[in-house]
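Given next are the chains, with one letter for each unit.
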Amino acid sequence: MKTTKIIFLLVIILFSFSCQNEEIIIDDEPASENLTGDSPLVNLLSRVARNPTSHDNVLDNSSCFSVQLPVTVFVNGIQIVVNTTADYQTVKDAIDAFSNDDDLVTFVYPITIEFQNSNTQVIANSNQLDDVIEDCDEDDDFNEISCISINFPVYINTYNNGNQTVNTVAIQNKRALFNFLRNIIRNPNITITIQYPISIVNSSGVTVVVNSNEELLLLIEDALANCVTGNTGNTGNLTLQSVIVNGTWRITYYFRNNVIQTTDFTGYNFTFNPNNTVVASGVGTPINGTWIINSMVMKRELSLIFKEIYLTDCLKNGKL
């Protein structure tokens, strides 16, 4: 399974090779309410609308699809009937019981799998399942965000820059929203605006009214710490600090001075270490730096400082 992940929070990268270098800011969104396929909010919304496929990875080891329950599996010769998500823990316990076994999970076929877009497929044998896994184009981003939900319908305005056509789409359910947003992500010519207000059930089960892209972005980010994570269905008490040090990251959206400049970071991968060091690699000689998280009331900032020169030092000396 791929380990490269996408940086979607507000990030400030300070390439401080000298105090004359400028501050580079990766913004959450442009000031307007317009969104494109590479906007962080579009990515987050697609995760909210995505059919949950990562919660059962203990069974299928794939976030490309989930296996519909009930299903019968064998783990190290032990038969387990998985009727509900609570039974995932039974499977995990069987896997962890011994350290000298193969820990293979085999299904009793046929089984039905369900993809991220909610389409289903009946699998008759292990060869068919292997083919699906081999062909699976798993996203590099995070898994689904399943602890909040959108009250439909939602109305979205679209503008096609290619043929200059305007349209309004009524989204009636999660499946329609996911497929709509995936098409937007694949089509660079489409700009969309969400018709606010919209209604969201947050991670505490409370219905809230959202009036802007900024409010929606903050609501989804705040929900991430309360969402169900991992393979066993346990609720994780995630923090940005605990997430950032796992895997390798890349930047997929860079907006500065009203210009999208994402290509400035093409090819760069960022590896964060628990000791607050970071390595930018993939283009030329790896660059070593440090990272720090600044938490404020309305947002979190992840600052990357390379060559050990802080922007604040430059500002104090009047050299920027």
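To be clear, the structure that these remarks concern was listed above.
Computed from a predicted structure; not experimentally measured. (Residues numbered from 1 in each chain as written. Predicted model: local features only at pLDDT ≥ 70, side-chain atom pairs only at ≥ 80, totals over all residues. Heavy atoms only, no water.)

S.K.: Looking at this structure, I do not really get the overall build of the protein chain. What am I missing?
M.R.: What the protein chain contains, in helices and strands, is eight helices and 22 strands. Expressed as a percentage of the 320 residues in the protein chain, the buried residues total 44%. Considering only intrachain contacts with a sequence separation of at least 6, the fraction spanning at least 24 residues in the protein chain is 56%. If you sum the accessible surface of the protein chain, you get close to 16,200 Å²; carbon and sulfur atoms cover 49% of it. (Helix = DSSP H or I, 4+ residues; strand = E, 2+ residues; numbered from the N terminus. Buried < 20%, exposed > 50% of the residue type's maximum accessible area, 1.4 Å probe, protein only. Contact = heavy atoms within 4.5 Å. Areas by Shrake-Rupley, 256 points an atom, 1.4 Å probe, with all protein chains shown as cover.)

S.K.: Looking at this structure, how should I read the nonpolar core?
M.R.: Side chains of a nonpolar character, in soluble globular proteins, are inclined to be buried together. Counting 32 residues, the largest nonpolar core has Ile192, Leu216 and Ile220 as the members making the most contacts within it. Going through the elements one at a time, α1 (40–49), β11 (154–160), α5 (174–186), β13 (190–194), β14 (198–201) and α6 (213–223) are the ones with two or more residues in this core. For this core, the element with the most residues is α1, which contributes six residues. Non-local contacts of Leu216, meaning those with residues more than four positions away in its chain, are made with Leu41, Leu45, Ile194, Tyr196, Ile198, Ile200 and Val210. Ranked by size, the runner-up nonpolar core spans 23 residues in total, among them Val58, Val73, Val82 and Phe115. (Core = buried A, V, L, I, M, F, W, Y, C linked by side-chain atoms within 4.5 Å.)

S.K.: What exactly am I supposed to notice about unusual backbone geometry here?
M.R.: Trans peptide bonds make up the majority, and among non-glycine residues the majority have a negative phi. The step from Leu69 to Pro70 runs through a cis peptide bond, and the omega angle for that step is 0°. Take Pro70: it is sitting in the loop between β4 (65–67) and β5 (71–75). Of note, the bond from Phe152 into Pro153 is cis; its omega dihedral lies within 30 degrees of zero at 5°. You can see Pro153 is positioned in the loop between β10 (149–151) and β11. Even without being a glycine, Asn61 presents a positive backbone phi close to 55°. Note that Asn61 resides in the loop between α2 (57–60) and β4. Even without being a glycine, Asn276 presents a positive backbone phi close to 70°. One can find Asn276 in the loop between β19 (269–272) and β20 (277–281). Judged by relative accessible area, which is 32%, Asn276 ranks as partly exposed.

S.K.: Please explain the sheet that holds β5 as it appears in this structure.
M.R.: Two modes of strand pairing occur in sheets, parallel and antiparallel, and in both the strands are linked by backbone hydrogen bonds. Across the sheet, three strands lie side by side as β6-β5-β7; this open sheet has antiparallel pairing. The outermost strands of the open sheet, each flanked by one partner alone, are β6 (78–82) and β7 (105–107). Averaged over all neighbouring strand pairs, the angle between strand axes comes to 30°, with direction disregarded. In terms of strand pairing, β5 meets β6 through five bridges, oriented antiparallel. Across the sheet, Val75 pairs through a bridge with Ile78, a residue of β6. (Pairing = 2+ DSSP bridges. Axes fitted to C-alpha atoms, helices over the stretch in contact; angles between N-to-C directions.)

S.K.: Is there a simple way to explain the environment of Thr72 in this structure?
M.R.: Relative to the elements of secondary structure, Thr72 occurs in strand β5. Separated by 39 residues in the primary sequence, Thr72 and Ile111 have C-alpha atoms spaced 9.0 Å apart. Beyond its immediate sequence surroundings of up to four residues, Thr72 is in contact with Gln79, Ile80, Val81, Thr106, Phe107 and Val108.

S.K.: Explain the sheet that holds strand β15 (residues 207–210) here, please?
M.R.: One open sheet accounts for three strands, arranged β10-β14-β15; its pairing is antiparallel. Two strands close off the open sheet at either side, each with one partner strand: β10 and β15. Neighbour to neighbour, the strand axes of the sheet diverge by 35° on average, direction disregarded. Bridge count between β10 and β14: three bridges; the pairing is antiparallel. When the sheet's bridge partners are listed, Ile150 is paired in β14 with Ile200. The strands touched by α6 within the sheet are β14 and β15, with β15 carrying the most contacts at an inclination of about 145°.

S.K.: Honestly, the environment of Asn187 in this entry has me stumped. Any pointers?
M.R.: Its location among the elements puts Asn187 in the loop between α5 and β13. Within the local environment of Asn187, its side chain forms a polar contact with the backbone nitrogen of Asn189, the two atoms lying 3.0 Å apart. (Polar contact = N/O pair within 3.5 Å; in protein donor to acceptor, adjacent residues only side chain to side chain.)

S.K.: Which parts of the structure should I look at to understand the pattern of salt bridges?
M.R.: Two side chains of opposite charge can pair, provided their charged atoms sit close to one another. This structure, assessed with the given rule, holds one salt bridge. A salt bridge links Asp96 to Lys92, with the shortest nitrogen-to-oxygen separation between them at 2.9 Å. Here Asp96 pairs with Lys92, and both are found in helix α3 (residues 88–96), just four residues apart, close to one helical turn. A relative accessible area of 30% means that Lys92 is categorised as partly exposed. (Salt bridge = Lys/Arg side-chain N within 4 Å of Asp/Glu carboxyl O.)

S.K.: I would appreciate a short explanation of the packing of α1 against α6 in the present structure.
M.R.: Two measures define how a pair of helices packs: the angle their axes make with one another and the distance between the axes. Where α1 contacts α6, the axes come no closer than 10 Å and their chain directions differ by 50°. It follows from the interaxial angle that α1 and α6 lie oblique. Between α1 and α6 the crossing geometry is left-handed. Touching Leu41, Leu44, Leu45 and Val48 of α1 are Asn213, Leu216, Leu217, Ile220 and Glu221, all from α6. (Parallel < 35°, antiparallel > 145°, perpendicular 65-115°, else oblique. Left-handed = near helix turned anticlockwise from the far one by under 90°.)

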